[in-house]
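Chain residues, written in single-letter form:
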Amino acid sequence: MARVFITRELPFPALDRLKAEHDVDEWEEKTPPPADAFLARAQQADALLTTVTDKVDGAFLDAAPSVKAVANLAVGTDNIDLDAASERGIPVGNTPGVLTDSTADIAFALLLAVARRLSEGEREVREGRWAPWHPSHMLGGDLADTTLGIIGWGRIGQAMARRGEGFGMRILHSSRSSGIPLDELLEQSDHVSLHTPLTPETRHLMGAPQFARMKKTAYFINTSRGGTVDQEALRAALVDGQIAGAGLDVTEPEPLTADDPLLSAPNLLVVPHVGSATVRTRSRMADLAVDNLLAALAGDEMPNRVA
Ligand code: GLV
Ligand code: GLV
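Residues numbered from 1 in each chain as written. Chains lettered and ligands numbered in written order. Predicted model: local features only at pLDDT ≥ 70, side-chain atom pairs only at ≥ 80, totals over all residues.

Enquirer: Before we go on, may I ask you to explain the overall build of the protein in this structure?
Expert: Each helix and strand in the protein was counted, giving 11 helices and 11 strands. Its C-alpha atoms give the protein a radius of gyration of 21 Å, within 12% of the compact-globule value 19 Å for 307 residues. Seen through its principal axes, the protein has C-alpha atoms that stretch 70 × 45 × 35 Å. For the protein, buried positions account for 41% of its 307 residues. Within the protein, contacts between residues at least 6 apart in sequence are counted, and of these 63% link residues at least 24 apart. (Helix = DSSP H or I, 4+ residues; strand = E, 2+ residues; numbered from the N terminus. Rg over C-alpha atoms; globule rule 2.2 N^0.38 Å. Buried ≥ 20, exposed ≤ 12 C-beta atoms within 10 Å, placed from the backbone. Contact = placed C-beta atoms within 7 Å.)

Listed below in structure tokens is the structure:
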């Protein structure tokens, strides 16, 4: 029996499978463990179940030498230094596939919501500012017969493309290995959605020069990681009317505080990193994370190993 530290409450059936075989130490609060508490608990664990805000790097792994495996409850693993884990022979797993549709749903929901000004409209109603019907009231952007540019062509980017096709959009994509160059995509697309993992190469992939290439009528959607976007450049692009609006599920930092300068930008809709937040998806993610842990602790290969 090994000891596994899980950094969040995990109210899903998968946890029972883990508890049946191992000693599970659960972080008891809804807020993440502070770095020192995370390390202290990791030092008593053989394996970790982490998630997007838990930073695991080489120094952390050296300070917690008992840790032999890490399962991240996410498809993205930018919170973990994969090279450092590999160098130390520590397998790292993720939860791909099961969250593809729910994340693409949120990306498309953001696109629809910003293009049709849904949250602005809802505020108008609730704040008693709903004026009688007017032909030019709250005009937004169209999706049908426009071009959707998708940056990153993994499972989620392709699922976003299918949604766009269903709405009568033409699809362009740009990725490391296929599609058209990013600059061309930005110039030709009526709307742009970002679906790349965060890596040193994709950090601030979208900055001032990139927003400047986009059409002034274009909406920008990000459901990947906040770090893929230079947020100050995005704020400026919105303020200057360089793009028509943006819908974000991810920011830097997370959580964003209510006084963050980004939130003063117009035509911006931000939701709190809920891409994979459906009952079914989160339960399946917990299953995959537990499968990874059970395999690693049995000395087998993790079914979804990234490092
Ligand atoms: C969540 O953001 C994930 O990477 O699964
Ligand atoms: C994630 O599952 C991706 O490949 O886009």
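Enquirer: Got a minute to help me understand the site of ligand 2 in this structure?
Expert: In the vicinity of ligand 2, the contacting residues are Val75, Pro96, Thr100, Gly154, Arg155, Ile156, Gly157 and His195. No other element matches the 3 residues that helix α7 (residues 155-166) contributes to the shell around ligand 2. Here the residues of the shell around ligand 2 sort into 3 nonpolar, 4 polar and 1 charged. (Near = placed C-beta within 6 Å. Nonpolar A, V, L, I, M, F, W, Y, C, P; charged D, E, K, R; others polar.)

Enquirer: Is there a simple way to think about the UniProt feature "domain: D-isomer specific 2-hydroxyacid dehydrogenase NAD-binding" (unreviewed entry) in the protein in this case?
Expert: If you check UniProt for "domain: D-isomer specific 2-hydroxyacid dehydrogenase NAD-binding" (unreviewed entry), the listed places come out as residues 108-275 in our numbering. End C-alpha atoms of residues 108-275 are separated by 11 Å, and the span's content is 30% helix alongside 15% strand. (UniProt positions renumbered as here; feature names shortened; annotations may be inferred.)

Enquirer: How should I be thinking about the pairing of strand β3 (residues 47-50) in this particular structure?
Expert: Regular strands place side chains that alternate from one sheet face to the opposite one. Taking every second residue as pointing to the same face, both faces of β3 are buried, with Ala47 and Leu49 on one and Leu48 and Thr50 on the other. Summarising the sheet, strand β1 (residues 3-6) and β3 pair through 3 bridges and their orientation is parallel. Bridged to Phe5 within β3 is Leu48. As judged from the 4 bridges shared by β3 and strand β4 (residues 69-72), these two strands associate in the parallel manner. The residue of β4 that forms the bridge with Leu48 is Val70. With helix α3 (residues 58-63) bridging β3 and the parallel β4, this β-α-β connection has right-handed handedness. (Pairing = 2+ DSSP bridges. Right-handed = clockwise from strand over helix to strand, strands pointing away.)

Enquirer: Hey, could you run me through the sheet that holds strand β9 (residues 219-222) in this one?
Expert: Pairing between the strands of a sheet comes from backbone hydrogen bonds, and it takes one of two forms, parallel or antiparallel. Reading across from one edge, β7-β6-β8-β9-β10-β11 is the order of the 6 strands in this open sheet, with parallel pairing throughout. Of all strands in the sheet, those with a lone pairing partner are β7 (170-174) and β11 (268-270), marking the two edges. The average angle at which neighbouring strand axes cross in this sheet is 15 degrees, direction not considered. With 5 bridges joining them, strand β6 (residues 147-151) and β7 adopt parallel strand pairing. The residue bridging Ile150 from the neighbouring strand is His173, located in β7. (Axes fitted to C-alpha atoms, helices over the stretch in contact; angles between N-to-C directions.)

Enquirer: Just to check I follow, could you spell out the packing of helix α1 (residues 14-21) against helix α11 (residues 279-297) for this structure?
Expert: Helix-helix packing is described using two parameters, namely the angle between the two axes and the distance between the axes. Running from N to C, α1 and α11 cross one another at 20 degrees; their axes reach a closest spacing of 8 Å. It follows that α1 is roughly parallel to α11 by the angle criterion. Of the two elements, α1 crosses α11, and the hand of that crossing is left-handed. The residues of α11 that touch α1, namely those facing Ala14, Leu15, Arg17, Leu18 and Glu21, are Ala286, Asp287, Val290, Leu293 and Leu294. In terms of residue class, the contact of α1 with α11 is built from 7 nonpolar, no polar and 3 charged. (Parallel < 35°, antiparallel > 145°, perpendicular 65-115°, else oblique. Left-handed = near helix turned anticlockwise from the far one by under 90°.)

Enquirer: How do you make sense of the site of ligand 1 when you look at a structure like this?
Expert: Surveying the vicinity of ligand 1 reveals the residues Val52, Ala74, Val75, Gly76, Leu99, Gly275 and Ser276. Of the residues in the shell around ligand 1, the class split is 4 nonpolar, 3 polar and no charged.

Enquirer: What is the right way to read unusual backbone geometry from this model?
Expert: For residues that are not glycine, phi is negative in most cases, and the peptide bond is trans in most cases. Residues Glu252 and Pro253 are joined by a peptide bond in cis, for which omega reads 0 degrees. Relative to the helices and strands, Pro253 resides in the loop between β10 (245-248) and β11. With an omega of -10 degrees, the peptide bond running from Glu254 to Pro255 counts as cis. Note on placement: Pro255 falls in the loop between β10 and β11. At Asp145, a residue that is not glycine, the phi angle is positive and equals roughly 60 degrees. A positive phi angle, close to 50 degrees, is found at His273, a residue other than glycine. In this structure, His273 sits in the loop between β11 and α11.

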